[in-house]
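Structural overview
One letter stands for each residue in the lines below.
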Amino acid sequence: MTAITHHVPDALLAAYATGNLPEAYALVVAAHISLCLECRAAYEAHQVGGGAVLETVGAEAVSEDLKSNVLDLLDAPYRPQPTYPRAGVYPGPVMEALKGKPPSWKSVGLGVRQSILSSGRDGSVRLLYIPPGQAMPDHSHNGLELTLVLQGSFSDSTGQFGVGDLEVADHDLEHTPTADPGAPCICLAATDAPLRFRSLVPRLLQPLFRI
Amino acid sequence: MTQPPPQVSAQTTWMLAVRDQRDRDAFAALFDHFAPRLKGFIMRSGTGSGQAEEIVQEVMLTVWRKAGQFDPARAQVSAWVYQIARNRQIDVIRKENRPLPEELGEAPEAEPDASQVLALEQEAAQLQQALARLKPDQREIIERAYLGELTHQEISTQTGLPLGTIKSRIRLGLERLRHELKELR
Ligand SMILES: [Zn+2]
């Protein structure tokens, strides 16, 4: 496996570590950290920063019975959250978003498939499957777009992106990612609004395909 | 029985006693230290006293239940508690599930390396001092970021914000992760 060369930029990592990123983006960053020691170290360093703020931001007296309530609950039965381990190319947080099931791929034309993980007001996140040599349809976007490679690689005007690499694109970047020869490229992609594909699918059909 | 390493902070000692012996007195000591700080932290973002205490209760119960994951060579107690508190706040207040990275490998070592634990505590203390020395307006911004009040956009446009330098101040982290991963292979 080649080394990761495209990491989470500082501000984005800080926003994730402090819990300030919308869920769609946070999923992509969590998936990258699952694959990348350097960004994991930075994430854990921010936790130390958070701990320092927690220690110094100022205490507020708690009600008298809170402590006894908590101590009484220590032995109470509880249902632990299920954990989802990595499966194949999909890191744990992606498996969690898939609820442990394989992606349900839907064709969007020219061999490209997608599996929407979540789509809401604050952003959407999906898996994309792009056959080798296939360009992702020319598209532009309104805001921040994060793309994490999980299998294969793609290239665009800004460089080549392999497994674990994260591409951060904003509204200034008009780019045409193309899957490299070899294995099909599987990516995890988050946007703050539905992607506007320029070609391939007429705009009228977009609500239908949700792309 | 695991002996706590010498000279580490009281919080780490309590946390290890909770993790390894399910020690209720040590948990009570952690509660006395963290519950008021957590409540203050949560109320700073505008949450009312009642709801803040509900979150404090959930956070402290998570500290007890997930104690097995605490690794003093990787995280300071306050850093670990901070993370749990932010996760809970996001669940409750934003009604979102916060995606978290995979846990790394196996359960933490039963016998933590005292020198590693101490080195991490020293780095954390230095970071805390560095934050305390900031000018009040910069300190305010740092606090607001860690309280969860700044958007990504706001964090990006804060030029000169020392947030970006925090990862280089905690230098041991990356080394330790590399070491840990090598052990797993
Ligand atoms: Zn990285």
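So, here is what we can say about the structure in this document. Computed from a predicted structure; not experimentally measured.

How each quantity is defined
- Residues numbered from 1 in each chain as written.
- Chains lettered and ligands numbered in written order.
- Predicted model: local features only at pLDDT ≥ 70, side-chain atom pairs only at ≥ 80, totals over all residues.
- Heavy atoms only, no water.
- Helix = DSSP H or I, 4+ residues; strand = E, 2+ residues; numbered from the N terminus.
- Buried < 20%, exposed > 50% of the residue type's maximum accessible area, 1.4 Å probe, protein only.
- Salt bridge = Lys/Arg side-chain N within 4 Å of Asp/Glu carboxyl O.
- Expected span 1.5 Å × (residues − 1).
- Phe/Tyr/Trp six-rings, centres within 6.5 Å; stacked < 30°, edge-to-face > 60°.
- Lys NZ or Arg CZ within 6 Å of the ring centre and 35° of its normal.
- Donors = N, O, S within 2.8 Å, 3.2 Å for Na, K, Ca; no water.
- Tetrahedral: all angles 85-135°; square planar, octahedral: opposite > 155°, others 65-115°.
- Contact = heavy atoms within 4.5 Å.
- Buried area = accessible area lost by both parts, 1.4 Å probe.
- Nonpolar A, V, L, I, M, F, W, Y, C, P; charged D, E, K, R; others polar.
- Core = buried A, V, L, I, M, F, W, Y, C linked by side-chain atoms within 4.5 Å.
- Pairing = 2+ DSSP bridges.
- Axes fitted to C-alpha atoms, helices over the stretch in contact; angles between N-to-C directions.
- Parallel < 35°, antiparallel > 145°, perpendicular 65-115°, else oblique.

A look at unusual backbone geometry
All names here are of chain A. Phi angles above zero are rare outside glycine, and Lys99 is one such case at about 55°. Mapped onto the secondary structure, Lys99 falls in the loop between α5 (92–97) and β1 (106–109). A positive phi angle, close to 55°, is found at Leu110, a residue other than glycine. Inspection of the secondary structure puts Leu110 in the loop between β1 and β2 (112–120). The class for Leu110 is exposed, based on a relative accessible area of 56%.

Let's talk about the pattern of salt bridges
Counted under the stated rule, the structure contains 11 salt bridges over all chains. A salt bridge links Arg74 of chain B to Glu44 of chain A; the shortest N-O distance between them is 2.4 Å. Taken as a pair, Arg74 of chain B in the loop between α3 (49–65) and α4 (77–94) and Glu44 of chain A in helix α3 (residues 37–56) lie in two separate chains rather than in one. Classification of Arg74 of chain B as buried rests on a relative accessible area of 16%. Taking the relative accessible area as the measure of exposure, Glu44 of chain A reaches 13% and is therefore buried. Here Arg37 of chain B makes a salt bridge to Glu55 of chain A, at a shortest N to O gap of 3.2 Å. Of this pair, Arg37 of chain B sits in helix α2 (residues 24–44) while Glu55 of chain A is found in helix α3, placing the two residues in two different chains. On the basis of relative accessible area, Arg37 of chain B is assigned to the partly exposed category, the value being 24%. With relative accessibility at 16%, the residue Glu55 of chain A sits in the buried group. Members of the salt-bridge network, linked through shared partners, are Arg44, Arg139 and Glu143 of chain B.

Focus on helix α6 (residues 136–147) of chain B
Working note: α-helix, 3.6 residues per turn, so residues spaced by three or four point in the same direction. All names here are of chain B. When the terminal C-alpha atoms of α6 are compared, their 16 Å separation across 12 residues agrees well with the 16 Å that a helix rising 1.5 Å per residue should span. Along α6, the positions that sit buried rather than exposed are Arg139, Ile142, Glu143, Ala145, Tyr146 and Leu147. Positioned one or two residues after α6, Gly148 has a phi angle of 95°, which is positive.

A short note on the packing of aromatic side chains
Tallying each qualifying case throughout the model produces seven aromatic pairs over all chains. Lying over the aromatic face of Trp64 of chain B, Arg22 of chain B brings its terminal NZ or CZ to 4.0 Å of the ring centre.

Some points on the coordination of the zinc ion
Residues and elements named next belong to chain A. For the zinc ion, the protein coordination sphere consists of His7 (ND1), His32 (NE2), Cys36 (SG) and Cys39 (SG), at 2.1 to 2.3 Å. Note that the zinc ion binds four donor atoms; their angles at the metal cover 96 to 124°, and the shape is tetrahedral. Counting the intervening residues between successive donors of the zinc ion yields the motif H-x24-H-x3-C-x2-C. Assigned by exposure class, Cys36 and Cys39 land together as buried.

A look at the interface of chain A and chain B
The interface of chain A with chain B comprises 61 residues on the first partner and 68 residues on the second. Across the chain A/chain B interface, buried area totals approximately 5,900 Å², and carbon plus sulfur atoms make up 62% of it. When the area that chain A buries against chain B is broken down by residue, the three leading residues are Leu54, Glu55 and Leu74 of chain A, summing to 12%. Among the ionic pairs, Glu102 of chain B bridges to Arg86 of chain A, the shortest N-O distance being 3.0 Å. Take the side of chain A that touches chain B: its biggest share by element is 19 residues, from α3 of chain A. Per-class residue counts for the side of chain A that touches chain B are 35 nonpolar, 14 polar and 12 charged.

Examining the nonpolar core
Formed by 46 residues in total, the largest nonpolar core has its most connected members in Met15, Phe27, Phe34, Leu38, Phe41, Met60 and Val81 of chain B. Mapped by element, the contributors of at least two residues to this core are α3 and α4 (64–73) of chain A together with α1 (10–21), α2, α3, α4, α5 (114–132) and α6 of chain B. Aside from chain neighbours lying at most four places away, what touches Phe34 of chain B is Leu54 and Glu55 of chain A together with Gln11, Met60, Val77, Ser78 and Val81 of chain B. By size, the runner-up hydrophobic cluster in this structure holds 41 residues, among which are Ala15, Leu117, Leu166 and Ile186 of chain A.

Looking at the sheet that holds strand β9 (residues 178–179) of chain A
Residues and elements named next belong to chain A. With antiparallel pairing, three strands are arranged side by side in an open sheet as β7-β6-β9. Bordering the open sheet on either side are β7 (159–161) and β9, each of which pairs with just one other strand. Relative to β7, strand β6 (residues 154–156) is paired through three bridges, and the arrangement is antiparallel. Paired with Phe154 across the bridge in β7 is Phe161.

A word on the packing of α3 of chain A against α6 of chain B
Across the interface, α3 of chain A lies against α6 of chain B with an axial gap of 10 Å and an inter-helix angle of 110°. Considering the angle they form, α3 of chain A stands roughly perpendicular to α6 of chain B. Note on element contacts: α6 of chain B touches α3 of chain A through Arg139, Ile142, Glu143 and Tyr146 of chain B, opposite His46, Gly49, Gly50, Val53 and Thr56 of chain A. Along the lines of polarity and charge, the residues of the contact of α3 of chain A with α6 of chain B split into three nonpolar, four polar and two charged.

Any functional reading would require information that these geometric values do not contain.
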